[in-house]
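Here is how the chains run, residue by residue.
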Amino acid sequence: MILVLFFALNAQAQLIDYNDNWKYYDNAQEPANDGQGDAWTSLDFDDSAWQSGNGQLGYGDNDENTVLNANTYTAYFLKSFTVVDASLYDLLELDLLYDDGAVVYLNGIEVWRVNMPNGTINYATFASSTSPDNASASTLIGNVLQSGTNVIAIEIHQRSANSSDLSFDFKLSLIEATDGLPEFGSIWKYYDLAQAPPADAQGDLWTAIDFDDSDWSSGNAHLGYGDNDEATEINENTYTAYFRKSFNIEDASIYANLEYELSYDDGAVVYLNGQEIWRVNMPAGTINYNTFASSTSSDNQLISTISGNALVDGINTLTVEVHQRTATSSALSFDFAVSGTISQEG
């Protein structure tokens, strides 16, 4: 008997929202351990001596809800929250507003680094570059929460000792999934800056599982421009657009085959975990930003294919590049879905 199951990310729960209340430390030095010797990032750290205020927190932009000490060039933030049953969720979505760099910890473990150098971080470590005012970044990670109390700890670093402003706010969402396979209309990270995406600071290419896409935009599919039916409209001056989606699979071995469904205009190349798995209306050979589709497709053309299961247990990443037919093509469209086929004897 062959059983085909269609699963999708289906619920999202907000744990922390922008403008929420945070404990903070802005005394122009790294926070000392508490009386029990716990470091400031740890779950058991006593933050009773810290101040508190609502996001956005910072100084220098005149848009803060809570103004911090302008003499500190690294500021520290803590927030405790409760999760009744952490096992119900597969992924965490982290959304950060920052200026200029940040390191994020969950229950004492570093989970995300934004615009910061590699290696040990301390109060005197500066951000890797100057960010825009109130820069934003987002990422998905596997669920590392525990049932009961959890603590998120974040440090925000200036670019230099004489930087004029510092900004912080944060949102944390739980994504519940009966299975992590993407469906049409899902949220994708995208890059539409009229060039191929550069490698990240670690040298990872945009198709790699470990690529840092925290500075990419995000939006619901379908994505594109020119048809007036997009859920997310992207830059109409790009004639190749790049899309990424990470998702969690608890047990990849249950799938015998995968069916991929693509809505596109005009051509596409699809990668799973860094390996090309499907090419649609594109020429053979090396593909780059300036490679055009082989022919003009219909608007929102739909195509599907079935292939063997190349998923891995844990985090998987789909990446797709969508190409125009010419530099003057008027529309670009993208949406994508995956379903799994499970073989059962009997």
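Residues numbered from 1 in each chain as written. Predicted model: local features only at pLDDT ≥ 70, side-chain atom pairs only at ≥ 80, totals over all residues. Heavy atoms only, no water.

**Comments concerning the nonpolar core**
In step 1: Among the nonpolar cores identified, the biggest contains 33 residues, and Trp 22, Phe 77, Leu 96, Ile 152, Ile 156, Phe 168 and Phe 170 are the most heavily contacted of them.
In step 2: Ranked by residues supplied to this core, first place goes to strand S13 (residues 166-177) with 5 residues.
In step 3: When near neighbours in sequence (up to four residues on either side) are disregarded, Phe 168 contacts Trp 22, Gln 56, Leu 57, Phe 77, Leu 96, Leu 97, Ile 154 and Ile 156.
In step 4: By size, the runner-up hydrophobic cluster in this structure holds 31 residues, among which are Trp 188, Val 270, Leu 272 and Phe 336. (Core = buried A, V, L, I, M, F, W, Y, C linked by side-chain atoms within 4.5 Å. Buried < 20%, exposed > 50% of the residue type's maximum accessible area, 1.4 Å probe, protein only. Helix = DSSP H or I, 4+ residues; strand = E, 2+ residues; numbered from the N terminus. Contact = heavy atoms within 4.5 Å.)

**Regarding the sheet that holds strand S7 (residues 74-83)**
In step 1: Across the sheet, 6 strands lie side by side as S4-S3-S7-S12-S9-S10; this open sheet has antiparallel pairing. Pairing within the sheet leaves two strands with one partner each, and these edge strands are strand S4 (51-54) and strand S10 (109-114). Averaged over all adjacent pairs, the angle separating strand axes in this sheet is 25°, with direction ignored. (Pairing = 2+ DSSP bridges. Axes fitted to C-alpha atoms, helices over the stretch in contact; angles between N-to-C directions.)

**Remarks on the confidence of the model for the protein chain**
In step 1: Of all residues in the protein chain, 94% attain a pLDDT of 70 or more, and the chain-wide mean is 89.
In step 2: Between the elements of the protein chain, mean pLDDT differs from a low of 34, seen in strand S1 (residues 2-5), to a high of 98, seen in strand S3 (residues 21-25).
In step 3: In the predicted structure, residues 1-11 sits below a pLDDT of 50 and forms 39 contacts with residues beyond four places in sequence or in another chain. (pLDDT = per-residue confidence, 0-100.)

**Examining the environment of Ala 199**
In step 1: Turning to its location among the elements, Ala 199 is positioned in the loop between strand S14 (187-191) and strand S15 (217-220).
In step 2: Under the relative-accessibility criterion, Ala 199 is labelled partly exposed at 41%.
In step 3: Between the C-alpha atoms of Ala 199 and Ser 217, which are 18 residues apart in sequence, the distance is 16 Å.
In step 4: Ignoring any residue separated from it by four or fewer positions in sequence, one finds Ala 199 in contact with Asp 204, Leu 205 and Phe 211.

**Brief notes about the pattern of salt bridges**
Any two side chains of opposite charge can pair, given that their charged atoms come close.
In step 1: With the rule as written, the count across this model stands at 5 salt bridges.
In step 2: A salt bridge links Asp 213 to Lys 189, with the shortest nitrogen-to-oxygen separation between them at 3.5 Å. Here the residue Asp 213 occupies a position in the loop between S14 and S15, and Lys 189 occupies one in strand S14, the gap between them amounting to 24 residues. For the pair Asp 213 and Lys 189, a shared accessibility class is recorded, and that class is buried.
In step 3: In this structure, the salt-bridge partner of Glu 276 is Arg 279, at a minimum N-O distance of 2.9 Å. (Salt bridge = Lys/Arg side-chain N within 4 Å of Asp/Glu carboxyl O.)

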